[in-house]
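Residue-level structural notes
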Amino acid sequence: MNSFTKTIIASSVLAAATAVPMTASAQMAYPAKCKSDMSSGGDMSMQGHQMSGMADHQKESMDGMKAMNMNMMQGMMKKDADVSFACGMIAHHMGAISMAEVELKHGDNPDLKAKAQKIIDDQTKEIKELTAWVEKEVK
């Protein structure tokens, strides 16, 4: 991938990430040290998709997925492999929490709702651990 393409992708990622913040219900903010230092440009948010015909749970899931993807892509742009991994996993876990919250809000199956709550509990713990590592280790 050439540098022009990387710049376009990076600019689009930053613009979309700032345009679609992680849901407040994810209980945590994506660490500032995981965000890329790129200038904004295009917009990758739901191009070609029409959300008007979607059910509420689908819209909420899509919003969470967009935010997760943008944050994860930003984290993966870090030059250090360890930082890239930690930041990418934080975003990934935030996405899992967002999906689990949609299940708790809209789902009917008690087994899946219990699994969703376990995901929230487990992933919240891992996010706190990874965020603490990022805050301590990333300069």
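Residues numbered from 1 in each chain as written. Predicted model: local features only at pLDDT ≥ 70, side-chain atom pairs only at ≥ 80, totals over all residues. Heavy atoms only, no water.

Another aspect to go through is the confidence of the model for the protein chain. Summary statistics for the protein chain give a mean pLDDT of 76 and a share of 70% for residues scoring 70 or more. When pLDDT is averaged over each element of the protein chain, helix α4 (residues 110-137) comes out on top at 96 and helix α1 (residues 3-19) at the bottom at 41. Predicted confidence is poor over residues 4-26, with pLDDT under 50, and the contacts of this stretch with residues over four places away or in other chains come to 47 contacts. Within the model, the stretch residues 39-48 combines pLDDT values under 50 with 20 contacts to residues more than four positions away or in other chains. (pLDDT = per-residue confidence, 0-100. Helix = DSSP H or I, 4+ residues; strand = E, 2+ residues; numbered from the N terminus. Contact = heavy atoms within 4.5 Å.)

As for its placement among the helices and strands, Ile-90 is situated in helix α3 (residues 81-106). What makes Ile-90 buried here is its relative accessible area of 0%. The spacing of Ile-90 and Pro-31 is 59 residues in sequence and 8.5 Å in space, taken between C-alpha atoms. Once residues within four sequence positions are removed from consideration, Ile-90 is found in contact with Tyr-30, Pro-31, Cys-34, Ile-127, Leu-130, Thr-131 and Val-134. (Buried < 20%, exposed > 50% of the residue type's maximum accessible area, 1.4 Å probe, protein only.)

Residue position: Lys-78 is located in the loop between α2 (56-76) and α3. There is a polar contact of 3.4 Å between the side chain of Lys-78 and the backbone oxygen of Lys-33. A polar atom in the side chain of Lys-78 sits 2.9 Å from the backbone oxygen of Lys-35. Among residues more than four places away in sequence, those in contact with Lys-78 are Lys-33, Cys-34, Lys-35, Ser-36, Val-83 and Ser-84. (Polar contact = N/O pair within 3.5 Å; in protein donor to acceptor, adjacent residues only side chain to side chain.)

Once that is clear, we can look at the state of the cysteines. Within this structure, the stated rule accounts for 1 disulfide. Here Cys-34 engages in a disulfide with Cys-87; their sulfurs sit 2.1 Å apart. On the sign convention where negative is left-handed, the bridge of Cys-34 and Cys-87, at about -75 degrees about the S-S bond, is left-handed. Pair noted here: Cys-34 is in the loop between α1 and α2 and Cys-87 is in helix α3, with a separation of 53 residues, a long-range link. You'll find Cys-34 and Cys-87 in the same group, each marked buried. (Disulfide = S-S within 2.5 Å.)

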